[in-house]
Amino acid sequence: VQLQASGGGLVQIGDSLRLSCAASGGTFSTYSMAWFRQAPGKEREFVSAIKLGGASPYYADSVKGRFTISRDNAKNTVYLQMNSLKPEDTAVYYCAAERPITSTIRRGSSYYYWGQGTQVTVSS
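These numbers were taken from a predicted model, which means no experiment stands behind them.

Asker: In this structure, what is going on with the environment of Leu17? I would like to understand it.
Answerer: Note on placement: Leu17 falls in strand S3 (residues 17-24). For Leu17, the contacting residues outside a window of four places in its chain are Gly7, Gly8, Gly9, Val11, Leu80, Gln81, Met82, Leu85 and Val120.

Here it is in structure tokens:
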């Protein structure tokens, strides 16, 4: 599976962005999908994940209520709608894919396929 993330950019505090991750080379609907991020000098951290059918998505506490993950299996794409952006959201955002995951869905080590990352910068 190849993943291509896009949609990052430079925004101001309180702005919104929508990230997209297009998948190819596999049966998208059979993969759990996730977003992770890595800020300069920090470890990669979990942001959000969504299972096959899209129900009951997972969020990091730091983004809950501001970010929304969704998937369009017909378009082989997962989205991350980011609202009320804060400077601490500044990071490179990566999408990831793996065969169905349940208990370890928040762990980066659970995912084999990764996109190239897209930079999100929230200016104060």
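That shown, we press on.
Asker: Looking at this model, I keep getting lost on the environment of Ala60. Mind explaining?
Answerer: Topologically, Ala60 is positioned in the loop between strand S6 (58-59) and strand S7 (67-72). For Ala60, a relative accessible area of 11% corresponds to the buried category. For the pair Ala60 and Val47, spaced 13 residues apart in sequence, the C-alpha separation works out to 5.1 Å.

Asker: For this particular structure, what's the right way to read the state of the cysteines?
Answerer: By definition, a disulfide links the sulfur atoms of two cysteine residues through a covalent bond. Tallied over the full model, the rule gives one disulfide. Each sulfur of the disulfide joining Cys21 and Cys95 lies 2.1 Å from the other. Taking the sign of the torsion about the S-S bond as the criterion, the disulfide between Cys21 and Cys95, at about 60°, is right-handed. Residue Cys21 is found in strand S3, and its partner Cys95 is found in strand S9 (residues 91-98); the two are separated by 74 residues along the sequence. Side by side, Cys21 and Cys95 carry an identical accessibility label, which is buried.

Asker: Hey, could you run me through the packing of aromatic side chains in this one?
Answerer: In this description, a pair of aromatic rings is defined by centroid distance and the angle of the planes. Scanning the entire structure with this criterion turns up six aromatic pairs. Taking 5.1 Å as the distance between ring centres and 55° as the angle between the ring planes, the aromatic pair formed by Phe36 and Trp114 counts as tilted. In this pair, Phe36 sits in strand S4 (residues 32-38) while Trp114 sits in strand S10 (residues 113-114), placing the two residues 78 residues apart along the sequence. By relative accessible area, which is 2% here, Phe36 ends up buried. Looking at Trp114, the relative accessible area reads 26%, which means it is partly exposed. Look at Tyr112 and Tyr113: their rings are 4.8 Å apart centre to centre, the planes differ by 85°, and that puts the pair in the edge-to-face class. Taking the relative accessible area as the measure of exposure, Tyr113 reaches 23% and is therefore partly exposed. Ring pairing ties together the aromatic residues Phe36, Phe46, Tyr111 and Trp114, which thus form one cluster.

Thresholds applied
- Residues numbered from 1 in each chain as written.
- Predicted model: local features only at pLDDT ≥ 70, side-chain atom pairs only at ≥ 80, totals over all residues.
- Heavy atoms only, no water.
- Helix = DSSP H or I, 4+ residues; strand = E, 2+ residues; numbered from the N terminus.
- Contact = heavy atoms within 4.5 Å.
- Buried < 20%, exposed > 50% of the residue type's maximum accessible area, 1.4 Å probe, protein only.
- Disulfide = S-S within 2.5 Å.
- Phe/Tyr/Trp six-rings, centres within 6.5 Å; stacked < 30°, edge-to-face > 60°.

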